[in-house]
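A closer look at the structure
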Amino acid sequence: MSERSTARALLREAGTTYAEQAGAPLADKPSPLYRLLVLSVLLSTRIKAEIAVAAARELGEFPTAQRMRDATWQQRVDALGRGHYVRYDESTATALGRGAELVLHKYRGDLRRLRAEADGDVPRMRELLCEVPSLGPVGAHIFCREAQAVWPELRPYFDKKALSGAEQAGLPTDVDRLARLVEPGDYARLSAALVRITLEKGLLAEITAPA
């Protein structure tokens, strides 16, 4: 398989973004961006990605910072429990409430204001994201990997996790060379696919097996 063929296969077989998997396709609007923030918090803990995604889907009943803040702590715990996010449910329920309060207070519930404050400076954007309780650098990378689908100033965004997947797949680990294998609109999908093959044993072999 050529590098370009491998990249196309990854997009085809594993290129669903985590936001899409969580039932919240990304758009440059307050609710989808906030749901991505919640998903990034959940994915950044030491828990299986599919459990984090399931929990994010359940938390979709609180699709805005206002709704999340107004939910009771127990309602947030219950939603996490339905997604089997049980090891960190209580602390995460607290963090989500505090995070919603921060987003409302600092950005009036709209993360596009965070984008405007960063003004195209990607490291600054990550710094601002890291102010969100329980997000941290890992979560900031997750957010940026997915948000590049709607925020072009992030492109191409392939962090260490995605580049690890690229190495496993025999693809370039230089960001610019990797980016040239797909269209800019597919960067988020390729990044998700590369992360996915690092997490799901046997997935790469299945994707690249001869027809």
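Every value quoted in this text rests on a predicted model; they were computed, and no experiment measured them. (Residues numbered from 1 in each chain as written. Predicted model: local features only at pLDDT ≥ 70, side-chain atom pairs only at ≥ 80, totals over all residues. Heavy atoms only, no water.)

1. Focus on the overall build of the protein
- Secondary structure assignment for the protein yields 14 helices and zero strands.
- Starting at the N terminus, the α and β elements of the protein follow one another as α-α-α-α-α-α-α-α-α-α-α-α-α-α.
- Computed over its C-alpha atoms, the radius of gyration of the protein comes to 17 Å, within 12% of the 17 Å expected for a compact globule of 211 residues.
- Along the longest, intermediate and shortest principal axes, the C-alpha atoms of the protein span 50 × 40 × 25 Å.
- Taking all 211 residues of the protein together, 50% fall into the buried category.
- Intrachain contacts of the protein at a sequence separation of at least 6 include 62% that bridge at least 24 residues.
- Entry remark: accessible area of the protein is about 10,000 Å², with carbon and sulfur atoms responsible for 48%.
- Looking at the protein, you have 30 positive and 28 negative side-chain charges, and the mean spots of the two groups are 1 Å apart. (Helix = DSSP H or I, 4+ residues; strand = E, 2+ residues; numbered from the N terminus. Rg over C-alpha atoms; globule rule 2.2 N^0.38 Å. Buried < 20%, exposed > 50% of the residue type's maximum accessible area, 1.4 Å probe, protein only. Contact = heavy atoms within 4.5 Å. Areas by Shrake-Rupley, 256 points an atom, 1.4 Å probe, with all protein chains shown as cover. Lys, Arg positive; Asp, Glu negative; His and termini not counted. Charge placed at Lys NZ, Arg CZ, Asp CG, Glu CD.)

2. With respect to the pattern of salt bridges
- For the structure shown, the criterion picks out 15 salt bridges.
- One salt bridge connects R177 with E3, and the closest N-O pair in it is separated by 3.9 Å. Placement of the pair is R177 in helix 12 (residues 175-179) and E3 in helix 1 (residues 3-14), with a sequence separation of 174 residues.
- Residue E3 is classed as partly exposed on the basis of its relative accessible area, which comes to 34%.
- When the shortest N-O distance is used, the salt bridge between D186 and R189 registers 3.1 Å.
- Overlapping salt bridges bring together D28, R115 and E153 as one network. (Salt bridge = Lys/Arg side-chain N within 4 Å of Asp/Glu carboxyl O.)

3. Some remarks on the packing of aromatic side chains
- The tally for this structure, following the rule as stated, stands at two aromatic pairs.
- Centroid distance F143 to W151: 5.8 Å. Interplanar angle 55°. Geometry classified as tilted.
- Taking relative accessible area as the criterion, W151 reaches 0% and is therefore assigned buried.
- Positioned above the aromatic ring of Y18 is the side chain of R196, whose terminal nitrogen or guanidinium carbon lies 4.3 Å from the ring centre. (Phe/Tyr/Trp six-rings, centres within 6.5 Å; stacked < 30°, edge-to-face > 60°. Lys NZ or Arg CZ within 6 Å of the ring centre and 35° of its normal.)

4. Considering helix 13 (residues 187-199)
- With 13 residues, helix 13 extends 19 Å from end C-alpha to end C-alpha; this agrees with the ideal 18 Å at 1.5 Å per step.
- With ten of 13 residues buried, helix 13 is to be regarded as a mostly interior element.
- Buried residues along helix 13 sit in contact with helix 1, helix 2 (18-21), helix 10 (136-147), helix 11 (160-168), helix 12 and helix 14 (203-208). (Expected span 1.5 Å × (residues − 1).)

5. Things to note about unusual backbone geometry
- The step from R155 to P156 runs through a cis peptide bond, and the omega angle for that step is -15°.
- If you trace the backbone, P156 turns up in the loop between helix 10 and helix 11.
- Located in the positive-phi region is H84, a residue other than glycine, with phi close to 65°.
- Relative to the helices and strands, H84 is located in the loop between helix 6 (73-82) and helix 7 (89-107).

6. A few points about the packing of helix 9 (residues 122-129) against helix 10
- Orientation of helix 9 relative to helix 10, taken along the N-to-C sense of each, is 125°, at an axis distance of 9 Å. Comparing the axis directions of helix 9 and helix 10 gives the class oblique. Both helix 9 and helix 10 take part in a crossing whose hand is right-handed. Taking contact as the criterion, the partners of M125, R126 and L129 in helix 9 are, on helix 10, A140, H141, F143 and C144.
- Per-class residue counts for the contact of helix 9 with helix 10 are five nonpolar, one polar and one charged. (Axes fitted to C-alpha atoms, helices over the stretch in contact; angles between N-to-C directions. Parallel < 35°, antiparallel > 145°, perpendicular 65-115°, else oblique. Left-handed = near helix turned anticlockwise from the far one by under 90°. Nonpolar A, V, L, I, M, F, W, Y, C, P; charged D, E, K, R; others polar.)

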